[in-house]
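So you can see what is in the structure, the chains are spelled out below.
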Amino acid sequence: MPTFFSLIEVIEMAIAVEKAGRVYYEEVAKRTKDPEMKDLFSFLANEELKHERRFRELGEKIKASPYSLPGKWEEIQPYLQVITDSHFFTGSEKVIKQTEKAKEPKEILEYAIRFEKETILFYYEILGLVKEEDQKIVQEIIAEERSHIKKLGEILVKY
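Keep in mind the model is a prediction, meaning the values are calculated, not measured. (Residues numbered from 1 in each chain as written. Predicted model: local features only at pLDDT ≥ 70, side-chain atom pairs only at ≥ 80, totals over all residues. Heavy atoms only, no water.)

Attention now moves to the overall build of the chain. The secondary structure content of the chain amounts to six helices and zero strands. Ordered by position from N to C terminus, the α and β elements of the chain give α-α-α-α-α-α. Summed over its atoms, the accessible surface of the chain is roughly 8,600 Å², and 54% of this surface lies on carbon and sulfur atoms. (Helix = DSSP H or I, 4+ residues; strand = E, 2+ residues; numbered from the N terminus. Areas by Shrake-Rupley, 256 points an atom, 1.4 Å probe, with all protein chains shown as cover.)

Written out as structure tokens, the structure reads:
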């Protein structure tokens, strides 16, 4: 049986995604001895916290002035369900387990890149759900997620 989400629930999922990313990056930063990796993952954890706050602000705005859902909502919902069922969006406790499983820097970086890519896909769906005036917020977050992939990729080539 399909699960149906409200727009507020989708924004709450985005907040949860950012929190999971932050937890992962904080754990990696704590565990690594490599100063470059520690700096990178501390930076990324802080970025995820900023994104979390921005989605909270967007959620408050939507609560104050609810949106009407787009006509394609029924098409989008199953896709959102598949994305959120992904192992990348399964909560902080599983994120920490992933941190413990990935021992080598290459594995850690590859996992982080996959997480950022999955996040971007999810945010592109959110982009189509919010009012044009609020799309700028989501577009900026997508651009920042892309820059995270670039930073992670630059370090990955060293391994």
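What follows concerns the side chain of His 148. Within the secondary structure, His 148 sits in helix H6 (residues 132-156). Taking relative accessible area as the criterion, His 148 reaches 0% and is therefore assigned buried. Side-chain polar atoms of His 148 contact the side chain of Glu 47, separated by 3.2 Å. Filtering out sequence-adjacent residues up to four positions away, His 148 remains in contact with Phe 43, Leu 44, Glu 47, Glu 48, His 51 and Glu 116. (Buried < 20%, exposed > 50% of the residue type's maximum accessible area, 1.4 Å probe, protein only. Polar contact = N/O pair within 3.5 Å; in protein donor to acceptor, adjacent residues only side chain to side chain. Contact = heavy atoms within 4.5 Å.)

Turning our attention to the packing of helix H5 (residues 105-127) against H6. Where H5 meets H6, the closest approach of the two axes is 9 Å, and the angle between their N-to-C directions is 165°. Taken together, H5 and H6 sit at an angle that is classed as roughly antiparallel. When the axes of H5 and H6 are compared, the crossing they make is left-handed. Here the contact of H5 with H6 is built from residues that sort into 15 nonpolar, five polar and six charged. (Axes fitted to C-alpha atoms, helices over the stretch in contact; angles between N-to-C directions. Parallel < 35°, antiparallel > 145°, perpendicular 65-115°, else oblique. Left-handed = near helix turned anticlockwise from the far one by under 90°. Nonpolar A, V, L, I, M, F, W, Y, C, P; charged D, E, K, R; others polar.)

Core analysis: the largest hydrophobic core is formed by 40 residues, its most contacted members being Tyr 25, Phe 41, Phe 55, Tyr 123, Ile 126, Val 138 and Leu 152. Taken together, the elements giving at least two residues each to this core come down to helix H1 (7-31), helix H2 (35-64), H5 and H6. A total of twelve residues in this core trace back to one element, the largest contributor, which is H1. Leave out the neighbours within four places in its chain, and Ile 126 touches Val 10, Ile 11, Ala 14, Phe 55 and Val 138. (Core = buried A, V, L, I, M, F, W, Y, C linked by side-chain atoms within 4.5 Å.)

The periodicity of an α-helix, 3.6 residues per turn, causes residues three or four places apart in sequence to face the same way. Helix length check: H1 (25 residues) gives 36 Å between terminal C-alpha atoms against 36 Å at 1.5 Å per residue, within 8%. Most of H1 sits out of view: 18 of its 25 residues are buried. (Expected span 1.5 Å × (residues − 1).)

Bear in mind that shape data such as this cannot, by itself, settle questions of function.
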